[in-house]
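Structural features, examined
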Amino acid sequence: MSNIDNSEGKPIDISHNIPDFLVPPAKPEQLTSDEVDFYFNKIKKLVKEQNAVIVSHFYTHPLLQQLADETDGYVADSLEMARLGKEHPAQTLIVLGVKFMGETAKILSPEKKVIMPDLAASCSLDLGCPPDLFSQFCDQHPERTVVVYANTSAAVKAKSDWVVTSSIALDIVQHLHNKGEKILWAPDKHLGSYIEKMTGVDMIKWQGSCVVHEEFKAQQLKELMKKNPDAKVLVHPESPLAVIDLANKVGSTSQLLQAVKDFGAKKYIVATESGIFYRMQQAIEEVELIPAPSTIEDGFKRPAHALCPWMAMNGLKNLCEILENGGNEIEVPENIRQKAFTPIQRMLDFKK
Ligand code: 13P
Ligand code: SF4
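Notes on the structure in this doc start here. (Residues numbered from 1 in each chain as written. Chains lettered and ligands numbered in written order. Predicted model: local features only at pLDDT ≥ 70, side-chain atom pairs only at ≥ 80, totals over all residues. Heavy atoms only, no water.)

**Here we look at the pattern of salt bridges**
Scanning the entire structure with this criterion turns up 14 salt bridges. The closest approach of N and O atoms between glutamate 324 and lysine 42, which form a salt bridge, is 2.8 Å. Of the two residues, glutamate 324 sits in helix α14 (residues 316-325) while lysine 42 sits in helix α1 (residues 33-49), which places them 282 residues apart along the sequence. Linking arginine 337 and glutamate 334 is a salt bridge whose minimum nitrogen-to-oxygen distance equals 2.9 Å. Of this pair, arginine 337 and glutamate 334 are both found in helix α15 (residues 334-351), 3 residues apart, which corresponds to roughly one turn of the helix. Overall, the relative accessible area of 11% leaves arginine 337 in the buried class. What emerges from the salt-bridge pattern is a single network uniting Glu80, Arg83 and Glu87. (Salt bridge = Lys/Arg side-chain N within 4 Å of Asp/Glu carboxyl O. Helix = DSSP H or I, 4+ residues; strand = E, 2+ residues; numbered from the N terminus. Buried < 20%, exposed > 50% of the residue type's maximum accessible area, 1.4 Å probe, protein only.)

Next comes the structure, spelled out in structure tokens:
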């Protein structure tokens, strides 16, 4: 447990790795093909009737990504999800992902109804950064510019100067560093270390992590690379630095997907959540995708697919239920929403 002393000598725990018992098991929905057809037909009808649009992340189940495509919705990274949800004219946004993604959509579009299949779909980075402790951490360093990763609650975003996602974090921090600003970063220690290394910025970091990406292991990855010397290695920057150091491409989900198109290789070792394999395979059919070794064994002594347990809470059944019966609307208190809006909008303006 790492502590930082505040001015009154009271320690603040910033090592918020969440305990194992708080991580739900990843349980992707099991449905027969008849059930899948049934839910597809029903959901498509309801989405149309309700003038809604599906905005999904790349980590959701392939069937949900397919459903987004077939209803003229979107499958995107977390930055694009925020932008698309705001710009789309639909009055109801169906966010398939985790709660911070739904909250970001609501913060940007308070007039819209934002719904999610399961409001308990969280993220270890969000859970590991409680707003009250984070606020005390910020108070200890009033001279620093507060930059928070999008994978946080609305209340944490409300305390920040900038919100960033993995696709834009390097550019924004480089910009702040060029202006001579010192950074307070939260919550992902691995992404923070990567940004620090790439930009040379002066940064104090919260010590959170993603329970999925943290499990990728450098030593096993090296061995896999030896067996597959022709494979390009793609790594999401929530992974430990030793894994990032082995990558041919480090980037957000959309940047890794783009790398598959750009490299034109026949084989990739992929260190990120396995939901994105569907999109990569769709982009280049003749490609071999090998999951990077993670410590989550699947019992067959081959690398297990990294699955985010909270992303796996999105399913066809619970999506259909909320469209039919209502409920699961994202709410953000107005005072928090207003404060969180500015740093998110700042990121979107920077992107332009
Ligand atoms: P992206 O911003 O790259 O889509 O990542 C979101 C996320 O939660 C990765 O674990
Ligand atoms: Fe959070 Fe990790 Fe899941 Fe992404 S993969 S939503 S960072 S727990």
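**Some points on the sheet that holds strand β4 (residues 74-76)**
Pairing in this open sheet of 4 strands is parallel, and the strands run β4-β3-β5-β6 from one edge to the other. Two strands in the sheet have a free side with no partner beyond their single neighbour: β4 and β6 (113-115). On average, each strand axis in the sheet is tilted by 25 degrees relative to the strand beside it, whichever way the strands run. Bridge count between strand β3 (residues 52-57) and strand β5 (residues 92-96): 5 bridges; the pairing is parallel. Bridge assignment links valine 55 to a residue of β5, and that residue is valine 95. Along the sheet, helix α2 (residues 62-70) contacts β3, β4 and β5; its crossing angle with β3, the most-contacted strand, is approximately 140 degrees. In the packing of helix α4 (residues 99-108) onto the sheet, the strands contacted are β3, β5 and β6, and the crossing angle to β5 comes to about 155 degrees. (Pairing = 2+ DSSP bridges. Axes fitted to C-alpha atoms, helices over the stretch in contact; angles between N-to-C directions. Contact = heavy atoms within 4.5 Å.)

**A look at the environment of methionine 116**
Relative to the helices and strands, methionine 116 resides in the loop between β6 and α5 (124-127). Sequence separation between methionine 116 and valine 270 is 154 residues, and the spatial gap between their C-alpha atoms is 28 Å. Once you skip the residues sitting within four places of it in the chain, methionine 116 turns out to touch Val95, Gly97, Val98, Lys99, Gly102, Ile322, Asn328 and Ile330.

**Observations regarding the sheet that holds strand β8 (residues 162-164)**
By way of backbone hydrogen bonds, the strands of a sheet pair with one another, either parallel or antiparallel. Across the sheet, which stays open at both edges, the 4 strands sit in the order β8-β7-β9-β10 with parallel pairing between neighbours. Strands with a single pairing partner mark the edges of an open sheet, and in this sheet they are β8 and β10 (203-205). Averaged over all pairs of adjacent strands, the angle between strand axes in this sheet comes to 25 degrees, irrespective of strand direction. As judged from the 3 bridges shared by strand β9 (residues 183-186) and β10, these two strands associate in the parallel manner. Directly across from tryptophan 185, in β10, lies its bridge partner lysine 205. The strands touched by helix α8 (residues 169-178) within the sheet are β7 (145-149), β8, β9 and β10, with β8 carrying the most contacts at an inclination of about 150 degrees.

**So, the nonpolar core**
Grouped burial of nonpolar side chains is what soluble globular proteins tend to show. If you look at the biggest cluster of nonpolar residues, it comprises 83 residues, and the most contacted ones within it are Val98, Phe134, Val147, Ile183, Trp185 and Ile269. The element contributing the most residues to this core is α4, with 5 residues. Those residues in contact with valine 147 that sit more than four places away from it in its chain are Trp162, Val164, Val173, Leu176, Ile183, Leu184, Trp185 and Ala186. (Core = buried A, V, L, I, M, F, W, Y, C linked by side-chain atoms within 4.5 Å.)

**So, the site of ligand 1**
Neighbouring residues of ligand 1: His57, Tyr59, Asp77, Ser78, Asn151, Ser166, His213, His236, Glu238, Ser252 and Thr253. In this structure, asparagine 151 approaches ligand 1 through a side-chain N or O atom, which is 3.1 Å from an oxygen atom. Separating an oxygen atom of ligand 1 from a side-chain N or O atom of histidine 236 is a distance of 2.9 Å. Across the complex, the protein chains shield 96% of the 300 Å² of accessible surface that ligand 1 would expose by itself. Of the residues assigned to the shell around ligand 1, the class counts are 1 nonpolar, 8 polar and 2 charged. (Near = heavy atom within 4 Å. Polar contact = N/O pair within 3.5 Å; in protein donor to acceptor, adjacent residues only side chain to side chain. Areas by Shrake-Rupley, 256 points an atom, 1.4 Å probe, with all protein chains shown as cover. Nonpolar A, V, L, I, M, F, W, Y, C, P; charged D, E, K, R; others polar.)

**Considerations on the site of ligand 2**
With respect to spatial proximity, the complete set of residues near ligand 2 consists of Tyr59, Val98, Cys123, Ser124, Leu125, Asn151, Cys210, Val212, Glu238, Cys308 and Trp310. Partitioned by chemical class, the residues of the shell around ligand 2 number 8 nonpolar, 2 polar and 1 charged.

**Here we look at the side chain of serine 153**
With respect to the element layout, serine 153 can be found in the loop between β7 and α7 (154-158). The exposure class of serine 153 is buried, given its relative accessible area of 13%. Other than its neighbours up to four places away in sequence, serine 153 contacts Glu103, Asp126 and Pro131.

**Observations regarding the packing of aromatic side chains**
All told, the structure shown has 5 aromatic pairs when counted by the stated rule. Between tryptophan 162 and phenylalanine 350 the ring centres are 6.0 Å apart and the planes differ by 85 degrees, which places this aromatic pair in the edge-to-face class. You can see tryptophan 162 sitting in strand β8 and its partner phenylalanine 350 sitting in helix α15, a full 188 residues away along the chain. An aromatic cluster of three or more residues is present, and its members are Phe134, Phe137 and Trp206. Its guanidinium or amino end placed over the ring of tryptophan 162, arginine 346 lies 6.0 Å from that ring's centre, counting from NZ or CZ. (Phe/Tyr/Trp six-rings, centres within 6.5 Å; stacked < 30°, edge-to-face > 60°. Lys NZ or Arg CZ within 6 Å of the ring centre and 35° of its normal.)

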